[in-house]
Amino acid sequence: QVYVPSAPNANIAATKPKFTQQKANHVTPVTVSSTTTHISIPELGDNPVRIVCPYCKEQTVTKIYYSVAGITVVWAVILLVVFWPLFWLPFVLPCCQTMEHFCKKCNSKIYSKPATIC
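Bear in mind that the values here come from a model prediction, so they are computed numbers and not experimental data. (Residues numbered from 1 in each chain as written. Predicted model: local features only at pLDDT ≥ 70, side-chain atom pairs only at ≥ 80, totals over all residues. Heavy atoms only, no water.)

Some remarks on the pattern of salt bridges
Across all of its chains, the model carries two salt bridges by this definition. A salt bridge links Asp46 to Lys113; its shortest N-O distance comes to 3.5 Å. You can see Asp46 sitting in the loop between β2 (26–30) and β3 (50–52) and its partner Lys113 sitting in strand β7 (residues 109–113), a full 67 residues away along the chain. With relative accessibility at 44%, the residue Asp46 sits in the partly exposed group. With a closest N to O distance of 3.4 Å, Lys109 and Glu100 form a salt bridge. With relative accessibility at 41%, the residue Lys109 sits in the partly exposed group. (Salt bridge = Lys/Arg side-chain N within 4 Å of Asp/Glu carboxyl O. Helix = DSSP H or I, 4+ residues; strand = E, 2+ residues; numbered from the N terminus. Buried < 20%, exposed > 50% of the residue type's maximum accessible area, 1.4 Å probe, protein only.)

What follows is the structure, given as structure tokens:
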């Protein structure tokens with residue numbers, strides 16, 4: 001038996017195990033437990049999107065941050081050797097940087113898209 005301190009007349013049904021009857025005169029307890037589930041989020045685009053955050057469960061518009069990745073530096077070095085006036089291009093092109101969507105309310109990372117070869 002689980003003791004949960006609560007106010008009088010509180011909803012105690014959530015703490016009691018539920019039972020299902022399989023056969024006549026035979027009752028099997030079914031325990032109800034909270035588990036962490038992996039929420040699959042579809043691929044988010046390059047623009048902020050309205051979404052229900054899987055962490056805080058609030059509806060919000062995502063904020064996007066771009067960061068320099070290893071492939072960004074590799075492309076900059078290649079351009080520096082091949083055609084040096086454009087070596088800075090991978091640092092400003094969004095496709096050459098890692099893109100991350102964050103929740104505006106709880107600041108949790110919702111989605112991350114790795115940098116690609118532009």
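Still more ground to cover, so stick around.
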